[in-house]
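A closer look at the structure
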Amino acid sequence: MSTSRRDFLKTAGAAAVAGAVAARAGDDASADAQAEYSAQFAAAKIEMVRIGFVGIGLQGGGHVQNFLKIPGCRITAVCDIREERTTWATDQIVKAGHPAPKAYTLGPRDFERLCETEDLDLVFTATPWEWHVPVMLSAMKHGKHAATEVPAAMTLEDCWAIVETAEKQRKHCLMMENCNYDWPAMMAFNMVRQGLFGELLHAEGGYLHDLRGIKFENRNEGLWRRAWSQKLNGNPYPTHGLGPVANCLDINRGDRFDYLVSMSSNSRGLQEWAVDHFPEGAPQRQEKFVLGDVNTSLIKTARGRTIMVQHCTNLPRPYSRINLVQGTKGLFSGYPHRLYIEGRGRADQWVDAATLRSEFEHPLWKEIAAQAEGAGHGGMDFIEDYRLIKCLREGLPLDMTVYDAAALSAVVDLSVRSVANSGQPVAVPDFTRGRWKSTPPLPIVHM
Ligand SMILES: NC(=O)c1ccc[n+]([C@@H]2O[C@H](COP(=O)([O-])OP(=O)(O)OC[C@H]3O[C@@H](n4cnc5c(N)ncnc54)[C@H](O)[C@@H]3O)[C@@H](O)[C@H]2O)c1
């Protein structure tokens with residue numbers, strides 16, 4: 001971080017938040033590190049967060065509805081290439097009793113006009129992957145904080161671009177990794193913090209979701225996601241699997257991704273699906289796909305831990321994000337959510353995680369579960385939106401930094417490079433430029 005950014009953030013209300021992040025009791029070094037962290041990553045408090053929303057499709061629509069229920073924010077501008085979506089959002093916003101937002105619908109770069117002309121605190125994008133970085137760069141260059149759906153960026157170059165722009169413009173650049181807020185992920189994190197699994201050695205995550213039907217639809221993700229399967233062979237969507245385990249392993253906060261190896265299976269699923277679902281002669285049957293149906297990457301961290309991350313969206317299979325963290329005393333594993341701690345319960349037998357929720361549920365989940373009920377993806381989307389607004393309003397560091405957005409998203413490009421080179425190791429850039437060594441771990445956050 002440049003000296004100017006450090007100075008700005010120190011003067012921009014950071015003093016007010018030093019100490020707001022809970023330090024480990026009795027640990028002065030940790031308290032100092034937390035204060036330094038707050039000084040680096042917080043920004044001035046915003047009483048009423050004015051949001052410009054870009055890309056209001058399936059996922060964007062869910063966020064819009066969440067923000068209408070969260071106190072202290074207003075959506076004052078909306079942008080989509082489809083006017084019916086800005087109209088839908090305007091209806092929702094007006095129905096909630098707020099003034100109609102200004103709508104931007106003049107094509108795929110109209111978000112630039114929104115970023116340039118609107119008086120906003122935050123620009124939030126839930127556009128297709130290829131638009132995340134252009135929208136965030138424009139937002140930050142025009143003095144707004146930026147938040148994006150996942151992954152934040154698809155290339156290493158773009159990962160560096162968001163890091164450098166956030167530093168230069170002194171703005172938050174947040175990747176909205178909702179899976180960090182799911183109850184099993186948060187419970188595992190809470191248990192890791194209590195040391196119940198001992199010293200962590202290994203983790204696994206993934207995005208294993210049969211999207212064949214969705215990829216071939218003539219709307220929403222079908223209009224853009226299938227195209228990535230035609231041009232990218234690696235892991236295009238690593239952050240749902242990596243987010244929760246990166247928090248447990250203190251990635252960018254005491255450890256970091258060091259290098260990665262990746263391999264892809266053959267590509268068969270979409271081709272077979274097209275043959276089974278479209279008549280002979282249909283153009284879909286002629287499409288060529290390069291994305292290996294099962295991509296597996298292994299990441300080694302600077303402290304010697306290992307992480308396996310998988311992607312599989314072109315084959316018939318039940319849903320899973322794996323969500324496994326393993327240490328010297330036991331492990332937590334997802335889908336089904338279960339755990340094992342040596343000396344607790346029967347030897348060699350899994351314990352159903354749900355049966356221990358009252359004992360180990362993350363405090364944030366206990367506090368907010370009732371409000372999150374009914375919101376997208378089992379409530380976790382509401383919790384992440386709530387945390388974003390709370391942190392902006394109180395001038396707290398966000399739950400993820402731009403360095404997290406870059407490191408987790410970099411796995412897209414790095415996996416492609418490794419796959420293309422017969423699984424050769426590729427170095428993961430240190431986007432923090434060494435600060436991962438002194439940045440304190442993510443605390444147990446609250447409502
Ligand atoms: N976190 C999650 O659980 C989760 C779930 C689904 C999707 N997503 C992410 O959300 C994003 C959107 O996915 P989706 O399912 O909502 O897709 P979608 O296709 O339903 O929505 C995308 C929207 O962006 C609009 N759009 C496209 N280009 C635009 C541009 N240049 N300017 C303005 N608007 C533009 C489209 O018209 C559409 O309304 C993706 O990044 C995806 O990975 C995340």
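Residues numbered from 1 in each chain as written. Predicted model: local features only at pLDDT ≥ 70, side-chain atom pairs only at ≥ 80, totals over all residues. Heavy atoms only, no water.

Helix α15 (residues 380–394) packs onto helix α14 (residues 363–372) with a crossing angle of 110° between their chain directions and a minimal axis gap of 10 Å. Here α14 is positioned roughly perpendicular relative to α15, judged by the angle of their axes. Crossing hand, α14 versus α15: right-handed. Of α15, the residues touching α14 (which contributes Leu 364, Trp 365, Ile 368, Gln 371 and Ala 372) are Phe 382, Ile 383, Tyr 386 and Arg 387. Taken together, the residues of the contact of α14 with α15 sort by class into 7 nonpolar, 1 polar and 1 charged. (Axes fitted to C-alpha atoms, helices over the stretch in contact; angles between N-to-C directions. Helix = DSSP H or I, 4+ residues; strand = E, 2+ residues; numbered from the N terminus. Parallel < 35°, antiparallel > 145°, perpendicular 65-115°, else oblique. Left-handed = near helix turned anticlockwise from the far one by under 90°. Contact = heavy atoms within 4.5 Å. Nonpolar A, V, L, I, M, F, W, Y, C, P; charged D, E, K, R; others polar.)

The environment of the ligand is made up of 25 residues, and the closest members are Asp 80, Arg 82, Trp 129, Asn 220 and Glu 221. Between an oxygen atom of the ligand and a main-chain N or O atom of Leu 58, the distance comes to 3.0 Å. Contact between the ligand and Asp 80: an oxygen atom at 2.6 Å from a side-chain N or O atom of the residue. Out of a free accessible area of 840 Å², the ligand has 94% covered by protein chains. (Near = heavy atom within 4 Å. Polar contact = N/O pair within 3.5 Å; in protein donor to acceptor, adjacent residues only side chain to side chain. Areas by Shrake-Rupley, 256 points an atom, 1.4 Å probe, with all protein chains shown as cover.)

Turning our eyes to something else, we now look at the confidence of the model for the protein chain. In the predicted model, the protein chain carries a mean pLDDT of 93, and 94% of its residues have values of at least 70. Taken together, the stretch residues 1–26 has pLDDT below 50 and engages in 52 contacts with residues farther than four places along the chain or on a different chain. (pLDDT = per-residue confidence, 0-100.)

Looking at the element boundaries, Arg 256 is found in the loop between α11 (239–248) and β8 (257–264). For Arg 256, a relative accessible area of 14% puts it in the buried group. Along the primary structure Arg 256 and Phe 431 are separated by 175 residues, whereas in three dimensions their C-alpha atoms are 9.6 Å apart. Setting aside anything within four residues of it in sequence, one finds Arg 256 in contact with Ile 251, Lys 300, Thr 301, Ala 302, Val 428, Pro 429, Asp 430 and Trp 436. Separated by 3.1 Å, the side chain of Arg 256 and the backbone oxygen of Val 428 make a polar contact. (Buried < 20%, exposed > 50% of the residue type's maximum accessible area, 1.4 Å probe, protein only.)

This part is about helix α3 (residues 58–67). Those residues of α3 that fall on the buried side of the exposure criterion are Gly 60, Gly 61, His 63, Val 64, Asn 66 and Phe 67. Check the buried side of α3 and you find it contacts β1 (49–54), β2 (73–79), α4 (83–95), β4 (122–125) and α15.

This part is about unusual backbone geometry. For the bond running from Val 150 to Pro 151, omega is -15°, close enough to zero to count as cis. Pro 336 follows Tyr 335 through a cis peptide bond whose omega is 0°. Looking at where Pro 336 falls in the secondary structure, it is placed in the loop between β12 (330–333) and β13 (338–341). The phi dihedral of Tyr 335 is positive, around 55°, even though this residue is not glycine.

With that settled, the discussion passes to the layout of surface pockets. Here the largest pocket defines a volume of roughly 1000 Å³. Looking at the largest pocket, it is lined by 43 residues, and the ones nearest its centre are Leu 58, Gln 59, Ala 126, Glu 221 and Trp 224. Contributions of two or more residues to the lining of the largest pocket are made by α3 and α6 (132–141). It is α3 that contributes the most residues to the lining of the largest pocket, 3 residues altogether. Broken down by class, the residue content of the lining of the largest pocket amounts to 22 nonpolar, 12 polar and 9 charged. (1 Å grid on protein atoms, 1.4 Å probe; cavity = no way out; pocket = protein on both sides within 12 Å on 5 of 7 lines; lining within 4 Å. Points joined across faces, edges and corners; volume = space filled by probe spheres on them.)

Membership of the largest hydrophobic core comes to 118 residues, with the highest contact counts inside it found for Ile 51, Phe 53, Phe 67, Phe 257 and Leu 388. The dominant element in this core, judged by the number of residues it contributes, is helix α16 (residues 402–420), at 10 residues. Not counting the four nearest positions on each side in its chain, Ile 51 is found in contact with Phe 67, Cys 73, Arg 74, Ile 75, Thr 76, Ala 77, Leu 120, Leu 122, Phe 124 and Ile 389. (Core = buried A, V, L, I, M, F, W, Y, C linked by side-chain atoms within 4.5 Å.)

Let us look at the pattern of salt bridges. Between side chains of opposite charge, pairing is possible as soon as their charged atoms come close. Using the criterion set out here, one finds 21 salt bridges in the structure. Note that Arg 50 and Asp 121 form a salt bridge whose closest N and O atoms lie 3.0 Å from each other. Of the two residues, Arg 50 sits in strand β1 while Asp 121 sits in the loop between α5 (111–117) and β4, which places them 71 residues apart along the sequence. Its relative accessible area of 28% is what places Arg 50 among the partly exposed residues. (Salt bridge = Lys/Arg side-chain N within 4 Å of Asp/Glu carboxyl O.)

Counted according to the given criterion, the structure contains 17 aromatic pairs. On the numbers, 5.9 Å between centres and 70° between planes, the contact of Phe 111 with Trp 131 is edge-to-face. Of this pair, Phe 111 sits in helix α5 while Trp 131 sits in the loop between β4 and α6, and the two are 20 residues apart along the sequence. With relative accessibility at 2%, the residue Phe 111 sits in the buried group. Accessibility expressed as a relative area gives 23% for Trp 131, which makes it partly exposed. With a centroid separation of 6.1 Å and 80° between ring planes, the pair formed by Phe 216 and Phe 289 is classed as edge-to-face. With Phe 216 in the loop between α9 (212–215) and α10 (225–231) and Phe 289 in the loop between α12 (269–277) and β9 (295–301), this residue pair connects regions lying 73 residues apart in the sequence. On the basis of relative accessibility, which here comes to 8%, the residue Phe 216 falls in the buried class. On the basis of relative accessibility, which here comes to 9%, the residue Phe 289 falls in the buried class. Of the aromatic side chains, those joined through ring pairs into one cluster are Trp 129, Tyr 207, Trp 224, Trp 228, Tyr 237, Tyr 319 and Tyr 335. In this structure, Arg 225 is placed above the aromatic ring of Tyr 237, and the distance from its NZ or CZ to the ring centre is 4.3 Å. Directly above the aromatic system of Trp 350 lies the positively charged group of Arg 338, at a separation of 4.4 Å from the ring centroid. (Phe/Tyr/Trp six-rings, centres within 6.5 Å; stacked < 30°, edge-to-face > 60°. Lys NZ or Arg CZ within 6 Å of the ring centre and 35° of its normal.)

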